[in-house]
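Structure at a glance
Each chain is listed here by its residues.
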Amino acid sequence: MTGVHAEESHGHRSPEANRRAHVWRIGTPVVVLLSGALFVTSAVDSEGTDLRPGRYTDLAGVVEADAASYRSLEDRRQALTDEVEALTNDIADAGVARAQGKVAELKDSAGLEPRQGPGVSVTLSDAPEDVLAAAIDAGTDLNLNRLVVHQQDIQAVVNALWLGGASAVTIAGQRVVSTTGIKCEGNAVQLQGVPYPQPYVIEAVGDPVDLVTSIASDPLVSGYRADAADPTIAVGWAMDVEDEVVAPAFTGVHEMRYAVPLR
């Protein structure tokens, strides 16, 4: 296009274009001013500190705080349970007495009585940070999940201990019973819904020779131990024979879920 028409085409803008330009001229300074105000407010409120408390960035600290909260609630629950038992014992009723006798017979097998004696302890832990960093830097085909402890690793050790004749097993000092649930949750493992950070200490009361033999012959545990011996994986493994293992009674809630007919 040439001549007068070309000048008109380049010299004039449409009403829509003018409106967009007007919005940008007004909106941009407003956004800049609001951003500056937010920065100033944050600086004043923080007083030079991090506005995000350490407990939100330190995952181990979060786990410890949640575990402490659980222990406080558990102490309260235990106090109420003791109160209920005291009131029940004051009831002079033959039916109640029979029920209490049945409960007493089953308490040990249900893990509600403490156990202690010789046994073994097994400690599982994630690979050291330098091994993890080296694996990431190398960019190999190694599955990084093999460098951390998973719920199936803990379960394999616990099952091998039961097969070895353990009369009581604990994980992180917590008694393992038939309803104990082991679940991975982020960088921690949950037991009965309570998070525990690694390393994971598993202890068992029983004949040390039988327990060690069962551990040594278990194929799943052997796979984990092979990874522990591999310097490129190096997940933590330690097993010790103990003269005295103390397994406290289970004090949690027995949560039983089962199917029921619709009709």
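Every chain's residues receive numbers from 1 upward, in the order its sequence appears when written. Residues qualify for local features only when their pLDDT is at least 70, as the model is predicted, and side-chain atom pairs are given and counted only at 80 or more; totals for whole chains, interfaces and linings, by contrast, use all residues. For the side-chain quantities, the full set of heavy atoms in the structure was used; hydrogens and water were omitted.

Here a strand is any run of E in DSSP of at least two residues, a helix any run of H or I of at least four, and the numbering for each starts at the N terminus. Along the chain, Pro197 falls in the loop between strand 6 (194-196) and strand 7 (200-205). Each C-alpha atom, one on Pro197 and one on Gly186, is 10.0 Å from the other, the two residues being 11 residues apart in sequence.

Here we come to the packing of helix 7 (residues 151-163) against helix 8 (residues 208-217). For any two helices packed against each other, the geometry is given by the interaxial angle and the distance between the axes. Under this scheme, a helix contributes an axis fitted over its contacting stretch, all axes are lines through C-alpha atoms, and angles between N-to-C directions fall in the 0 to 180 degree range. At their nearest, the axes of helix 7 and helix 8 sit 8 Å apart, and the two run at 135 degrees to each other. Between helix 7 and helix 8, the interaxial angle falls into the category oblique. Where helix 7 crosses over helix 8, the two elements pack in a sense that is right-handed. The segment helix 7 lies against helix 8, with Val157, Ala160, Leu161 and Leu163 engaging Leu211, Ser214 and Ile215. In this classification, Asp, Glu, Lys and Arg are treated as charged, Ala, Val, Leu, Ile, Met, Phe, Trp, Tyr, Cys and Pro as nonpolar, and every other residue, Gly included, as polar. In the contact of helix 7 with helix 8, the residues fall into six nonpolar, one polar and no charged. Each angle is binned into one of four classes, with values under 35 degrees roughly parallel, values over 145 roughly antiparallel, values of 65 to 115 roughly perpendicular, and all other values oblique. By convention, the crossing between two helices is left-handed when the near helix turns anticlockwise from the far helix through less than a right angle, and right-handed when the turn is clockwise. A contact between two residues is defined here by any heavy atoms of the two lying within 4.5 Å.

Only protein chains enter the accessibility calculation, which uses a 1.4 Å probe; a residue whose area is less than 20% of its type maximum is buried, one above 50% is exposed, and one in between is partly exposed. The alternating pattern of strand 2 (residues 168-171) places Ala168 and Thr170 and Val169 and Ile171 on opposite faces, both of which are buried. Strands are treated as partners if at least two bridges between them are detected by DSSP. With two bridges joining them, strand 2 and strand 3 (residues 174-175) adopt antiparallel strand pairing. Within strand 3, the position partnered with Thr170 by the bridge is Arg175. What sits between strand 2 and strand 3 in their antiparallel hairpin is a turn of two residues, with Ala172 showing a positive phi close to 55 degrees.

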